[in-house]
Amino acid sequence: MNGFNSSEALLGDLTTGQLTRLCQVAGLGEADTAAYTGVLIESLGASAGRPLALPPPSRTFLSDDHSPVEFSLAFLPGQAPDLRVLVEPGCSRGDDLAKNGRAGLQAIHAMADRWGFSTDQLDRLEDLFFPQSPEGPLAVWCALELRPGGVPGVKVYLNPSANGADRAAETVREALARLGHRQAFDSLPRAEGFPFFALDLGDWDAPRVKVYLKHPGLSPTEAGSLPRMSPAPGRERLEEFFRTAGDLPAADDLTADGAAEDADRLTGRPALTCHSFTETATGLPSGYTLHVPVRDYVRDDGEARERAVAVLRSHDMDSAALDRALAAVSPRPLGDGVGLIAYLALVHERGRPQRVTIYVSSEAYRTRPPRETVPTRDRVRARL
Ligand code: TRP
(Lines give C-alpha, C1' and ligand atoms only; values in the text may rest on other atoms or scores of the structure.)
Protein backbone atom coordinates (compact mmCIF):
# COMPACT_ATOMS: atom_id res chain seq x y z
CA MET A 1 0.00 0.00 0.00
CA ASN A 2 1.16 3.51 -0.77
CA GLY A 3 2.93 4.89 2.30
CA PHE A 4 0.82 8.05 2.42
CA ASN A 5 -2.07 6.08 3.87
CA SER A 6 -3.20 4.05 6.82
CA SER A 7 -4.91 0.72 6.30
CA GLU A 8 -8.41 2.21 6.70
CA ALA A 9 -7.81 4.73 3.92
CA LEU A 10 -10.00 4.90 0.83
CA LEU A 11 -8.97 4.92 -2.83
CA GLY A 12 -10.48 8.40 -3.21
CA ASP A 13 -8.52 9.76 -0.23
CA LEU A 14 -5.21 8.48 -1.47
CA THR A 15 -5.60 9.62 -5.07
CA THR A 16 -7.02 13.05 -4.20
CA GLY A 17 -4.15 13.55 -1.73
CA GLN A 18 -1.71 12.74 -4.52
CA LEU A 19 -3.57 15.03 -6.89
CA THR A 20 -3.65 17.92 -4.40
CA ARG A 21 0.12 17.79 -3.93
CA LEU A 22 0.66 17.45 -7.69
CA CYS A 23 -1.52 20.51 -8.34
CA GLN A 24 0.96 22.51 -6.26
CA VAL A 25 3.85 21.25 -8.37
CA ALA A 26 1.94 22.25 -11.49
CA GLY A 27 1.26 25.73 -10.07
CA LEU A 28 -2.53 25.36 -9.92
CA GLY A 29 -4.33 27.50 -7.34
CA GLU A 30 -6.51 26.39 -4.46
CA ALA A 31 -9.81 26.80 -6.25
CA ASP A 32 -8.65 24.75 -9.24
CA THR A 33 -7.19 22.12 -6.94
CA ALA A 34 -10.46 21.80 -5.05
CA ALA A 35 -12.42 21.60 -8.31
CA TYR A 36 -10.16 18.90 -9.77
CA THR A 37 -10.08 16.72 -6.67
CA GLY A 38 -13.90 16.83 -6.85
CA VAL A 39 -13.78 15.82 -10.50
CA LEU A 40 -11.48 12.90 -9.71
CA ILE A 41 -13.81 11.68 -6.94
CA GLU A 42 -16.76 11.84 -9.32
CA SER A 43 -14.87 10.02 -12.06
CA LEU A 44 -14.10 7.17 -9.69
CA GLY A 45 -17.78 6.82 -8.79
CA ALA A 46 -18.47 4.35 -6.00
CA SER A 47 -14.81 3.25 -6.06
CA ALA A 48 -13.75 6.53 -4.48
CA GLY A 49 -15.19 5.24 -1.21
CA ARG A 50 -13.61 1.82 -1.54
CA PRO A 51 -11.13 0.89 1.21
CA LEU A 52 -7.60 0.33 -0.08
CA ALA A 53 -7.50 -2.83 2.00
CA LEU A 54 -9.92 -4.42 -0.52
CA PRO A 55 -8.69 -5.58 -3.93
CA PRO A 56 -8.74 -3.01 -6.78
CA PRO A 57 -12.26 -2.32 -8.16
CA SER A 58 -11.32 -3.81 -11.55
CA ARG A 59 -8.34 -5.71 -12.95
CA THR A 60 -7.69 -2.72 -15.19
CA PHE A 61 -4.44 -2.63 -17.14
CA LEU A 62 -4.47 1.17 -16.85
CA SER A 63 -1.64 0.59 -14.37
CA ASP A 64 0.42 -2.43 -13.37
CA ASP A 65 -1.13 -2.74 -9.89
CA HIS A 66 -4.68 -2.12 -11.23
CA SER A 67 -5.01 1.34 -9.70
CA PRO A 68 -7.69 2.98 -11.87
CA VAL A 69 -5.74 6.27 -11.78
CA GLU A 70 -2.42 7.39 -13.32
CA PHE A 71 -0.89 10.86 -13.36
CA SER A 72 1.25 12.47 -16.02
CA LEU A 73 3.27 15.64 -16.33
CA ALA A 74 3.87 17.37 -19.64
CA PHE A 75 7.08 19.41 -19.62
CA LEU A 76 7.97 22.39 -21.76
CA PRO A 77 11.09 24.55 -21.39
CA GLY A 78 10.85 27.43 -18.92
CA GLN A 79 7.58 26.65 -17.18
CA ALA A 80 5.92 24.42 -14.60
CA PRO A 81 4.73 21.11 -16.09
CA ASP A 82 1.08 20.63 -17.08
CA LEU A 83 -0.70 18.04 -14.99
CA ARG A 84 -3.02 15.35 -16.33
CA VAL A 85 -4.83 12.45 -14.75
CA LEU A 86 -5.96 9.26 -16.47
CA VAL A 87 -8.90 7.32 -14.97
CA GLU A 88 -11.05 4.31 -15.72
CA PRO A 89 -14.44 5.93 -15.14
CA GLY A 90 -16.30 2.61 -15.26
CA CYS A 91 -14.00 0.87 -12.77
CA SER A 92 -16.78 0.47 -10.18
CA ARG A 93 -18.45 -2.00 -12.55
CA GLY A 94 -15.43 -4.25 -12.28
CA ASP A 95 -14.35 -6.54 -15.10
CA ASP A 96 -17.65 -6.82 -16.96
CA LEU A 97 -16.42 -4.81 -19.96
CA ALA A 98 -19.92 -4.11 -21.27
CA LYS A 99 -21.03 -2.60 -17.95
CA ASN A 100 -17.67 -0.94 -17.33
CA GLY A 101 -17.93 0.66 -20.78
CA ARG A 102 -21.52 1.85 -20.33
CA ALA A 103 -20.70 3.41 -16.97
CA GLY A 104 -17.60 5.02 -18.47
CA LEU A 105 -19.61 6.49 -21.34
CA GLN A 106 -22.17 7.83 -18.90
CA ALA A 107 -19.45 9.54 -16.90
CA ILE A 108 -18.09 11.17 -20.08
CA HIS A 109 -21.57 12.36 -21.08
CA ALA A 110 -22.00 13.83 -17.60
CA MET A 111 -18.75 15.77 -18.08
CA ALA A 112 -19.99 16.99 -21.46
CA ASP A 113 -23.21 18.28 -19.87
CA ARG A 114 -21.35 19.92 -17.06
CA TRP A 115 -18.73 21.68 -19.17
CA GLY A 116 -20.90 22.17 -22.22
CA PHE A 117 -18.97 20.29 -24.89
CA SER A 118 -20.21 18.09 -27.68
CA THR A 119 -19.82 14.31 -27.72
CA ASP A 120 -20.76 14.09 -31.41
CA GLN A 121 -17.54 12.46 -32.49
CA LEU A 122 -17.71 9.88 -29.75
CA ASP A 123 -21.40 9.18 -30.41
CA ARG A 124 -20.61 8.50 -34.08
CA LEU A 125 -18.24 5.70 -33.02
CA GLU A 126 -20.29 4.13 -30.27
CA ASP A 127 -21.35 1.00 -32.15
CA LEU A 128 -17.74 0.33 -33.20
CA PHE A 129 -16.19 0.51 -29.75
CA PHE A 130 -19.11 -0.55 -27.53
CA PRO A 131 -20.50 -3.76 -29.01
CA GLN A 132 -22.82 -5.99 -26.99
CA SER A 133 -20.09 -8.41 -25.97
CA PRO A 134 -16.86 -6.42 -26.03
CA GLU A 135 -13.45 -8.06 -25.86
CA GLY A 136 -10.51 -6.74 -23.82
CA PRO A 137 -8.21 -5.31 -22.72
CA LEU A 138 -10.18 -2.16 -21.81
CA ALA A 139 -13.59 -0.57 -22.34
CA VAL A 140 -12.99 3.16 -22.03
CA TRP A 141 -10.58 5.47 -20.21
CA CYS A 142 -10.62 9.20 -19.83
CA ALA A 143 -7.74 11.63 -19.32
CA LEU A 144 -8.22 15.12 -17.97
CA GLU A 145 -5.76 17.90 -18.68
CA LEU A 146 -6.00 20.01 -15.55
CA ARG A 147 -5.84 23.59 -16.80
CA PRO A 148 -6.09 26.78 -14.77
CA GLY A 149 -9.73 27.87 -14.55
CA GLY A 150 -11.32 24.65 -13.33
CA VAL A 151 -12.42 23.25 -16.70
CA PRO A 152 -10.22 20.37 -17.88
CA GLY A 153 -9.39 19.31 -21.41
CA VAL A 154 -10.97 15.89 -21.93
CA LYS A 155 -9.44 12.98 -23.83
CA VAL A 156 -11.22 9.67 -24.37
CA TYR A 157 -9.38 6.37 -24.96
CA LEU A 158 -11.19 3.60 -26.81
CA ASN A 159 -10.34 -0.03 -27.52
CA PRO A 160 -9.76 -0.98 -31.19
CA SER A 161 -9.95 -4.67 -30.18
CA ALA A 162 -13.49 -4.35 -28.78
CA ASN A 163 -14.68 -6.57 -31.67
CA GLY A 164 -11.64 -8.86 -31.45
CA ALA A 165 -7.94 -8.14 -31.91
CA ASP A 166 -8.16 -9.59 -35.42
CA ARG A 167 -10.57 -6.80 -36.37
CA ALA A 168 -8.66 -3.94 -34.75
CA ALA A 169 -7.18 -2.61 -37.99
CA GLU A 170 -10.60 -2.60 -39.66
CA THR A 171 -12.14 -0.86 -36.65
CA VAL A 172 -9.47 1.87 -36.67
CA ARG A 173 -9.85 2.41 -40.42
CA GLU A 174 -13.64 2.71 -40.10
CA ALA A 175 -13.44 5.02 -37.07
CA LEU A 176 -11.02 7.34 -38.87
CA ALA A 177 -13.22 7.37 -41.96
CA ARG A 178 -16.36 8.20 -39.97
CA LEU A 179 -14.57 11.23 -38.56
CA GLY A 180 -13.65 12.38 -42.05
CA HIS A 181 -10.08 11.05 -42.06
CA ARG A 182 -10.50 8.80 -45.08
CA GLN A 183 -6.85 8.62 -46.08
CA ALA A 184 -5.43 8.60 -42.59
CA PHE A 185 -5.26 4.86 -42.08
CA ASP A 186 -3.08 4.32 -45.13
CA SER A 187 -0.59 6.89 -43.90
CA LEU A 188 0.21 4.93 -40.73
CA PRO A 189 3.50 3.03 -40.45
CA ARG A 190 3.62 -0.75 -40.03
CA ALA A 191 2.98 -2.01 -36.52
CA GLU A 192 2.05 -5.12 -34.57
CA GLY A 193 -1.18 -3.85 -33.11
CA PHE A 194 -3.52 -0.99 -32.26
CA PRO A 195 -3.68 -0.57 -28.47
CA PHE A 196 -5.81 2.61 -28.36
CA PHE A 197 -7.91 4.99 -30.44
CA ALA A 198 -8.32 8.39 -28.76
CA LEU A 199 -10.28 11.60 -29.20
CA ASP A 200 -9.90 15.10 -27.77
CA LEU A 201 -13.33 16.38 -26.76
CA GLY A 202 -14.33 19.90 -25.82
CA ASP A 203 -12.22 23.01 -25.88
CA TRP A 204 -8.92 22.38 -27.68
CA ASP A 205 -7.03 24.64 -30.09
CA ALA A 206 -6.77 21.74 -32.50
CA PRO A 207 -8.67 18.67 -31.29
CA ARG A 208 -6.87 15.47 -32.24
CA VAL A 209 -7.91 12.02 -33.32
CA LYS A 210 -5.11 9.72 -32.19
CA VAL A 211 -4.07 6.24 -33.24
CA TYR A 212 -1.67 4.32 -31.00
CA LEU A 213 0.55 1.62 -32.49
CA LYS A 214 2.56 -1.13 -30.84
CA HIS A 215 6.15 -1.92 -31.90
CA PRO A 216 7.75 -4.96 -30.28
CA GLY A 217 11.54 -5.10 -30.61
CA LEU A 218 11.86 -1.51 -31.80
CA SER A 219 15.36 -0.12 -32.49
CA PRO A 220 16.43 3.54 -32.17
CA THR A 221 16.77 3.86 -35.95
CA GLU A 222 13.27 2.53 -36.47
CA ALA A 223 11.88 4.82 -33.76
CA GLY A 224 13.35 7.73 -35.72
CA SER A 225 11.79 6.55 -38.97
CA LEU A 226 8.20 5.97 -37.81
CA PRO A 227 6.83 9.54 -37.86
CA ARG A 228 4.53 10.27 -40.81
CA MET A 229 3.77 13.88 -39.84
CA SER A 230 5.17 16.77 -41.77
CA PRO A 231 7.38 18.51 -41.11
CA ALA A 232 9.04 15.33 -39.81
CA PRO A 233 10.65 15.61 -36.38
CA GLY A 234 14.44 15.32 -36.31
CA ARG A 235 15.58 11.70 -36.43
CA GLU A 236 18.65 12.32 -34.34
CA ARG A 237 16.75 13.73 -31.38
CA LEU A 238 14.26 10.87 -31.56
CA GLU A 239 17.02 8.28 -31.61
CA GLU A 240 18.81 10.00 -28.76
CA PHE A 241 15.61 10.09 -26.69
CA PHE A 242 14.94 6.42 -27.37
CA ARG A 243 18.50 5.39 -26.45
CA THR A 244 18.46 7.41 -23.25
CA ALA A 245 15.03 6.20 -22.13
CA GLY A 246 15.77 2.56 -22.99
CA ASP A 247 19.44 2.66 -21.93
CA LEU A 248 20.60 1.42 -25.31
CA PRO A 249 24.29 2.19 -25.81
CA ALA A 250 25.33 4.53 -28.60
CA ALA A 251 26.09 2.69 -31.83
CA ASP A 252 29.89 3.10 -31.46
CA ASP A 253 29.90 1.16 -28.18
CA LEU A 254 28.53 -1.98 -29.70
CA THR A 255 30.72 -4.74 -31.01
CA ALA A 256 30.45 -5.27 -34.73
CA ASP A 257 29.78 -8.99 -34.64
CA GLY A 258 26.19 -8.90 -35.82
CA ALA A 259 24.87 -9.80 -32.40
CA ALA A 260 24.98 -6.08 -31.74
CA GLU A 261 21.96 -5.59 -33.97
CA ASP A 262 19.83 -7.58 -31.54
CA ALA A 263 21.19 -5.76 -28.50
CA ASP A 264 20.02 -2.47 -29.95
CA ARG A 265 16.29 -3.12 -29.49
CA LEU A 266 13.66 -2.92 -26.76
CA THR A 267 12.71 -6.58 -26.55
CA GLY A 268 10.65 -6.40 -23.35
CA ARG A 269 7.37 -4.48 -23.07
CA PRO A 270 6.99 -2.76 -26.44
CA ALA A 271 7.38 0.90 -27.23
CA LEU A 272 4.28 2.62 -28.60
CA THR A 273 3.87 5.41 -31.10
CA CYS A 274 0.93 7.75 -31.39
CA HIS A 275 -0.06 9.45 -34.63
CA SER A 276 -2.48 12.36 -34.28
CA PHE A 277 -4.71 13.87 -36.94
CA THR A 278 -6.06 17.42 -36.76
CA GLU A 279 -7.13 18.07 -40.35
CA THR A 280 -8.49 15.99 -43.21
CA ALA A 281 -6.93 17.91 -46.13
CA THR A 282 -3.53 16.21 -46.36
CA GLY A 283 -4.41 12.74 -45.09
CA LEU A 284 -1.26 12.94 -42.99
CA PRO A 285 -0.87 13.11 -39.23
CA SER A 286 0.19 16.38 -37.64
CA GLY A 287 1.67 14.79 -34.54
CA TYR A 288 4.00 12.00 -33.46
CA THR A 289 4.63 10.72 -29.96
CA LEU A 290 7.14 8.05 -29.00
CA HIS A 291 6.29 6.26 -25.73
CA VAL A 292 8.96 4.19 -23.96
CA PRO A 293 7.75 1.95 -21.08
CA VAL A 294 10.85 2.81 -19.07
CA ARG A 295 9.72 0.74 -16.09
CA ASP A 296 10.59 -2.47 -17.92
CA TYR A 297 14.14 -1.32 -18.69
CA VAL A 298 15.38 -0.21 -15.27
CA ARG A 299 16.26 -1.92 -12.02
CA ASP A 300 14.32 0.58 -9.89
CA ASP A 301 12.74 4.02 -9.93
CA GLY A 302 16.01 5.70 -8.97
CA GLU A 303 17.29 4.62 -12.36
CA ALA A 304 14.05 5.55 -14.10
CA ARG A 305 14.34 9.01 -12.56
CA GLU A 306 17.91 9.34 -13.83
CA ARG A 307 16.74 8.55 -17.36
CA ALA A 308 13.88 11.02 -17.03
CA VAL A 309 16.22 13.73 -15.72
CA ALA A 310 18.67 13.12 -18.59
CA VAL A 311 15.83 13.46 -21.11
CA LEU A 312 14.49 16.63 -19.45
CA ARG A 313 17.94 18.24 -19.27
CA SER A 314 18.72 17.53 -22.87
CA HIS A 315 15.49 19.40 -23.76
CA ASP A 316 16.18 22.30 -21.35
CA MET A 317 13.33 21.34 -19.04
CA ASP A 318 13.05 21.60 -15.27
CA SER A 319 13.91 18.31 -13.55
CA ALA A 320 13.34 19.75 -10.05
CA ALA A 321 9.61 19.71 -10.80
CA LEU A 322 9.86 15.99 -11.54
CA ASP A 323 11.42 15.32 -8.14
CA ARG A 324 8.68 17.29 -6.44
CA ALA A 325 6.05 15.38 -8.40
CA LEU A 326 7.48 11.99 -7.45
CA ALA A 327 7.57 13.01 -3.77
CA ALA A 328 3.97 14.25 -4.10
CA VAL A 329 2.80 10.83 -5.25
CA SER A 330 4.82 8.50 -3.06
CA PRO A 331 7.00 8.89 0.03
CA ARG A 332 8.94 5.69 -0.65
CA PRO A 333 12.64 5.76 -1.55
CA LEU A 334 12.89 5.48 -5.34
CA GLY A 335 15.33 2.58 -5.07
CA ASP A 336 12.79 0.46 -3.16
CA GLY A 337 10.59 -0.32 -6.13
CA VAL A 338 10.05 -0.07 -9.86
CA GLY A 339 7.08 1.28 -11.82
CA LEU A 340 6.40 4.63 -10.18
CA ILE A 341 7.65 6.11 -13.45
CA ALA A 342 5.70 4.09 -16.01
CA TYR A 343 6.50 5.73 -19.37
CA LEU A 344 8.68 8.48 -20.83
CA ALA A 345 7.37 10.10 -23.99
CA LEU A 346 8.58 12.64 -26.51
CA VAL A 347 5.73 14.56 -28.14
CA HIS A 348 5.79 16.44 -31.45
CA GLU A 349 2.87 18.46 -32.69
CA ARG A 350 3.01 20.60 -35.79
CA GLY A 351 3.57 24.27 -34.94
CA ARG A 352 4.29 23.61 -31.27
CA PRO A 353 7.44 23.19 -29.21
CA GLN A 354 8.51 19.63 -28.35
CA ARG A 355 7.19 18.26 -25.07
CA VAL A 356 8.40 15.53 -22.76
CA THR A 357 5.67 13.62 -20.92
CA ILE A 358 6.33 11.55 -17.81
CA TYR A 359 3.71 9.08 -16.55
CA VAL A 360 3.60 8.56 -12.80
CA SER A 361 1.74 5.63 -11.21
CA SER A 362 -0.47 6.02 -8.18
CA GLU A 363 0.72 2.68 -6.72
CA ALA A 364 -2.48 2.66 -4.67
CA TYR A 365 -2.34 -1.12 -4.33
CA ARG A 366 1.18 -2.35 -4.81
CA THR A 367 4.77 -1.37 -5.43
CA ARG A 368 6.72 -3.78 -7.60
CA PRO A 369 10.04 -4.75 -6.02
CA PRO A 370 13.22 -3.77 -7.85
CA ARG A 371 14.04 -5.91 -10.87
CA GLU A 372 16.82 -8.50 -10.59
CA THR A 373 17.77 -8.33 -14.23
CA VAL A 374 17.22 -5.66 -16.84
CA PRO A 375 16.74 -7.13 -20.34
CA THR A 376 18.68 -4.66 -22.48
CA ARG A 377 21.58 -4.15 -20.14
CA ASP A 378 22.28 -7.79 -19.40
CA ARG A 379 22.26 -8.71 -23.03
CA VAL A 380 24.53 -5.85 -23.96
CA ARG A 381 26.94 -6.63 -21.11
CA ALA A 382 27.18 -10.23 -22.18
CA ARG A 383 28.43 -9.04 -25.56
CA LEU A 384 30.97 -6.50 -24.42
N1 TRP B 1 -0.73 0.61 -18.41
C2 TRP B 1 -0.92 0.48 -19.83
C3 TRP B 1 0.42 0.28 -20.53
O4 TRP B 1 1.43 0.25 -19.91
C5 TRP B 1 -1.68 1.64 -20.45
C6 TRP B 1 -1.07 2.98 -20.24
C7 TRP B 1 -1.21 3.75 -19.12
C8 TRP B 1 -0.26 3.72 -21.15
N9 TRP B 1 -0.54 4.93 -19.30
C10 TRP B 1 0.08 4.92 -20.49
C11 TRP B 1 0.24 3.48 -22.44
C12 TRP B 1 0.89 5.87 -21.11
C13 TRP B 1 1.06 4.43 -23.03
C14 TRP B 1 1.39 5.63 -22.37
O15 TRP B 1 0.46 0.10 -21.73
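Note that the structure is predicted; figures quoted are calculated from it, not measured. (Residues numbered from 1 in each chain as written. Predicted model: local features only at pLDDT ≥ 70, side-chain atom pairs only at ≥ 80, totals over all residues. Heavy atoms only, no water.)

**Q** I keep staring at unusual backbone geometry and nothing clicks. Help me out?
**A** Across the chain, the bulk of peptide bonds are trans and the bulk of non-glycine residues have phi less than zero. Here the amide bond leading from Gly 136 into Pro 137 is cis, since omega sits at 10°, within 30 degrees of zero. Relative to the helices and strands, Pro 137 is located in the loop between helix H4 (120-129) and strand E3 (140-145). Cis geometry marks the peptide bond from Ser 230 to Pro 231, where omega comes out at -5°. One can find Pro 231 in the loop between helix H7 (220-225) and helix H8 (235-246). In this structure, Asp 247 is a non-glycine residue whose phi angle is positive, near 55°. Checked against the element boundaries, Asp 247 lands in the loop between H8 and helix H9 (259-263). With phi around 50°, Glu 363 is a residue other than glycine that occupies positive phi space. Along the chain, the position of Glu 363 falls in the loop between strand E10 (355-361) and helix H12 (375-383). For Glu 363, a relative accessible area of 3% corresponds to the buried category. (Helix = DSSP H or I, 4+ residues; strand = E, 2+ residues; numbered from the N terminus. Buried < 20%, exposed > 50% of the residue type's maximum accessible area, 1.4 Å probe, protein only.)

**Q** Looking at this structure, how should I read the environment of Arg 102?
**A** Tracing the sequence through the fold places Arg 102 in helix H3 (residues 97-115). Overall, Arg 102 belongs to the exposed group, its relative accessible area being 54%. Sequence separation between Arg 102 and Gly 90 is 12 residues, and the spatial gap between their C-alpha atoms is 7.3 Å.

**Q** What is the right way to read the site of the ligand from this model?
**A** Taken together, Phe 61, Leu 62, Ser 63, Glu 70, Trp 141, Phe 196, Arg 269, Leu 272, His 291, Arg 295, Tyr 343 and Tyr 359 make up the full set of residues near the ligand. One nitrogen or oxygen atom from the main chain of Leu 62 is found 2.9 Å from a nitrogen atom belonging to the ligand. Take Glu 70: an N or O atom from its side chain is 2.6 Å from a nitrogen atom of the ligand. Out of a free accessible area of 350 Å², the ligand has 92% covered by protein chains. Among the cavities detected, the one that contains the ligand is the largest pocket. Its residues assigned to classes, the shell around the ligand comprises 7 nonpolar, 2 polar and 3 charged. (Near = heavy atom within 4 Å. Polar contact = N/O pair within 3.5 Å; in protein donor to acceptor, adjacent residues only side chain to side chain. Areas by Shrake-Rupley, 256 points an atom, 1.4 Å probe, with all protein chains shown as cover. 1 Å grid on protein atoms, 1.4 Å probe; cavity = no way out; pocket = protein on both sides within 12 Å on 5 of 7 lines; lining within 4 Å. Sits in = over half its atoms within 2 Å of the grid points. Nonpolar A, V, L, I, M, F, W, Y, C, P; charged D, E, K, R; others polar.)

**Q** How should the packing of aromatic side chains be read in this particular structure?
**A** What describes a pair of aromatic rings is the distance from one ring centre to the other and the angle between the planes of the rings. Evaluated as defined, the whole model comprises 9 aromatic pairs. Consider the rings of Phe 129 and Phe 197, whose centres lie 5.5 Å apart with planes at 25°: the pair is stacked. Taken together, the residues Phe 129 in helix H4 and Phe 197 in strand E5 (residues 197-201) connect sequence positions 68 residues apart. Look at Phe 129 and you get buried, because its relative accessible area is 2%. (Phe/Tyr/Trp six-rings, centres within 6.5 Å; stacked < 30°, edge-to-face > 60°.)

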